[in-house]
Amino acid sequence: MPITLEPDQQEQMLSAARSAFKNAHAPYSNFKVGATILTERGSMYHGCNVENASYGLTICAERNAIFAAVAAEGSGMRIKAVAVATERDGPCAPCGACRQVIFEFGPDALVLFRGQSGTEQMAITKLLPEGFRL
Ligand code: THU
C-alpha cells in the first residue's frame, strides 16, 4: 500500500527540514542540508549535514535524522516519510548511501525533495530499485 501524506503534513515536514539545515556544519561545501523523518509511530526527527576537515568523515543530513530516530525509538523504528531541504535552490534528492539507509528502515517510505521542477514525492523503491537486503 503506497504511503501518502496530506498536503499540510507534507508542508510541515518540508518546513521542519528547512529549519534543520540552519544548524548544518558545512564550511567546506557551503551546502547546508536538513532532513526530517516521520516515523510510523507519528514522531518527527531532524538532522543536518556535519562536515569534517577530513572530508570523508562527513555525514549527511538524512542519515543523522535516521540515526536520531533509531536512538529514540530503537531498532524497530520504521520510516514513513523523509523530507530533504537545502539552503540553495536546485535539486536535492538524497545521495545513494542515504537511499540505502532509508530503505533499511522504510522499505515503503515516501521521500519528499526538490527535483528539477519543484517538490517531488517519490517512493524509496523508485529512488533505489533493488535495494540491498541480507
Ligand atoms: N549531503 C547531504 O547532507 N545529503 C545528501 O543526500 C547529499 C549530500 C551533504 C554532504 C556534504 O556535507 C554536502 O551535502 C555536499 O556534498
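Everything that follows concerns the structure shown earlier in this document.
Since this is a predicted model, take the numbers as computed values, not measurements.

### A word on unusual backbone geometry
Right, so step 1: Positive phi outside glycine occurs at Asn 30, with the angle close to 55°.
Right, so step 2: Counting through the fold element by element, Asn 30 comes out in the loop between helix H1 (7-20) and strand E1 (33-39).
Right, so step 3: A positive phi angle, close to 55°, is found at Glu 130, a residue other than glycine.
Right, so step 4: Mapped onto the fold, Glu 130 is located in the segment after helix H4 (124-127).
Right, so step 5: Look at Glu 130 and you get exposed, because its relative accessible area is 81%.

### Description of the nonpolar core
Right, so step 1: One finds Ile 66, Ile 79, Val 82, Phe 113 and Ile 124 to be the most contacted residues of the largest nonpolar core, which totals 24 residues.
Right, so step 2: Contributing elements (two or more residues each) for this core: E1, helix H2 (61-73), strand E3 (79-86), helix H3 (96-105), strand E4 (110-115) and H4.
Right, so step 3: Ignoring anything within four residues of it in the chain, the contact list for Ile 124 reads Arg 99, Ile 102, Phe 103, Gly 106, Pro 107, Asp 108, Ala 109 and Val 111.
Right, so step 4: Ile 3, Leu 5, Met 13 and Phe 21 belong to the second-largest nonpolar core, a separate cluster that totals 12 residues.

### With respect to the site of the ligand
Right, so step 1: As a matter of local geometry, the ligand sits amid Ser 29, Phe 31, Val 33, Asn 49, Glu 51, Thr 58, Cys 60, Ala 61, Glu 62, Pro 94 and Cys 95.
Right, so step 2: Between the ligand and Asn 49 there is a distance of 2.9 Å, counted from an oxygen atom to a side-chain nitrogen or oxygen.
Right, so step 3: Contact between the ligand and Glu 62: an oxygen atom at 2.7 Å from a side-chain N or O atom of the residue.
Right, so step 4: When the ligand sits alone it has 370 Å² of accessible area, and the protein chains cover 77% of it.

### What to know about the sheet that holds E1
Right, so step 1: A sheet is described by the order of its strands in space; here 5 strands give the open sequence E2-E1-E3-E4-E5, paired in mixed fashion. The two strands at the open ends of the sheet, each matched to only one other strand, are strand E2 (44-48) and strand E5 (118-123). When strand polarity is set aside, the average angle formed by the axes of neighbouring strands in this sheet is 20°.
Right, so step 2: Where E4 lies against E5, 6 bridges are found, and the strand directions are antiparallel. Residue pairing in the sheet places Gly 115 in a bridge with Gly 118 of E5.
Right, so step 3: Sheet strands touched by H2: E1, E2 and E3. Its angle to E2, the strand with the most contacts, is close to 140°.

Calculation notes
- Residues numbered from 1 in each chain as written.
- Predicted model: local features only at pLDDT ≥ 70, side-chain atom pairs only at ≥ 80, totals over all residues.
- Heavy atoms only, no water.
- Helix = DSSP H or I, 4+ residues; strand = E, 2+ residues; numbered from the N terminus.
- Buried < 20%, exposed > 50% of the residue type's maximum accessible area, 1.4 Å probe, protein only.
- Core = buried A, V, L, I, M, F, W, Y, C linked by side-chain atoms within 4.5 Å.
- Contact = heavy atoms within 4.5 Å.
- Near = heavy atom within 4 Å.
- Polar contact = N/O pair within 3.5 Å; in protein donor to acceptor, adjacent residues only side chain to side chain.
- Areas by Shrake-Rupley, 256 points an atom, 1.4 Å probe, with all protein chains shown as cover.
- Pairing = 2+ DSSP bridges.
- Axes fitted to C-alpha atoms, helices over the stretch in contact; angles between N-to-C directions.

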